[in-house]
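Single-letter residue listing:
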Amino acid sequence: MNQVPEMTGPVGNPANIWSVFFILFGSYLFLPAFQNVYFVQTSGNWPVTGGKVVSSELERRWPDRGDNSFDQGYMARIWYVYKANNIEYMGHSVRFRDDYTRDIRAAQAMVKRYPVGQQIQVRFDPRDPTVSIVEKNTVPAIDCSKMGLGLLFVMFGIVALIGSIKQEITGR
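Conventions and cut-offs
Residues numbered from 1 in each chain as written. Predicted model: local features only at pLDDT ≥ 70, side-chain atom pairs only at ≥ 80, totals over all residues. Heavy atoms only, no water. Pairing = 2+ DSSP bridges. Helix = DSSP H or I, 4+ residues; strand = E, 2+ residues; numbered from the N terminus. Axes fitted to C-alpha atoms, helices over the stretch in contact; angles between N-to-C directions. Contact = heavy atoms within 4.5 Å. Salt bridge = Lys/Arg side-chain N within 4 Å of Asp/Glu carboxyl O. Buried < 20%, exposed > 50% of the residue type's maximum accessible area, 1.4 Å probe, protein only.

Colleague: Can you help me understand the sheet that holds strand 2 (residues 73–84) in this one?
Modeller: What links the strands of a sheet is backbone hydrogen bonding, and the strands pair in either a parallel or an antiparallel sense. With respect to topology, five strands assemble into an open sheet ordered 3-2-1-4-5, the strand pairing being antiparallel. Here the strands that pair on one side only, and so sit at the sheet edges, are strand 3 (87–91) and strand 5 (128–133). Pairwise comparison of adjacent strand axes, ignoring direction, gives a mean angle of 40° for this sheet. Where strand 1 (residues 48–61) lies against strand 4 (residues 119–125), five bridges are found, and the strand directions are antiparallel. Looking at the pairing, Gly 51 lines up with Ile 120 of strand 4. The sheet strands contacting helix 3 (residues 104–113) are strand 1 and strand 2, and the helix crosses strand 2 at an angle near 25°.

Colleague: Please explain the pattern of salt bridges as it appears in this structure.
Modeller: Working definition: two side chains of opposite charge can pair if their charged atoms are close together. By the definition in use, this model includes four salt bridges. The salt bridge partner of Glu 135 is Arg 95, with a shortest N-O separation of 3.0 Å. Note that Glu 135 is positioned in the loop between strand 5 and helix 4 (141–170) and Arg 95 in the loop between strand 3 and helix 3, a separation of 40 residues in sequence. Taking relative accessible area as the criterion, Glu 135 reaches 17% and is therefore assigned buried. The shortest N-O distance in the salt bridge between Glu 135 and Arg 113 comes to 3.1 Å. Of this pair, Glu 135 sits in the loop between strand 5 and helix 4 while Arg 113 sits in helix 3; the two residues are 22 residues apart in sequence, bridging distant segments of the chain. Linked through salt bridges whose partners overlap, the residues forming this network are Arg 95, Arg 113 and Glu 135.

Without other data, these values stay purely geometric and don't point to any function.
Set out below in structure tokens:
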């Protein structure tokens, strides 16, 4: 009879595959949230320059029923120009993590707050002047949750991977 050879070793061990999955999924949760928290925390110390609103409109996004997108609702799309290091840039982030909302009044209020032609103060990242914001904001709780959950997944995956490899080596 032809038998399928059993996969052995670290690669064929299902525990290792699951461990790597946990590490990757945890990283997927942690890294974007960490970037947002980092930007929110450091942007308070960024240089400030003058800018001007060049476009301010309300965007509506209601995907077709077959689309399972989370980007549903309304968003204020504010575009502005500013100069950093004598180079003109265009930005669109009023705050970090601007996202779609189902509250049309909140999106309309932002459009009203930033009409075309209005002079504004723009904070920009001195290491990358293409990254800018108009309003400082606080760290969203969802980012803290994603960071914590992501770290738990990564740590669980690492511990499980080490345990599985140790078991392969010792044979127990």
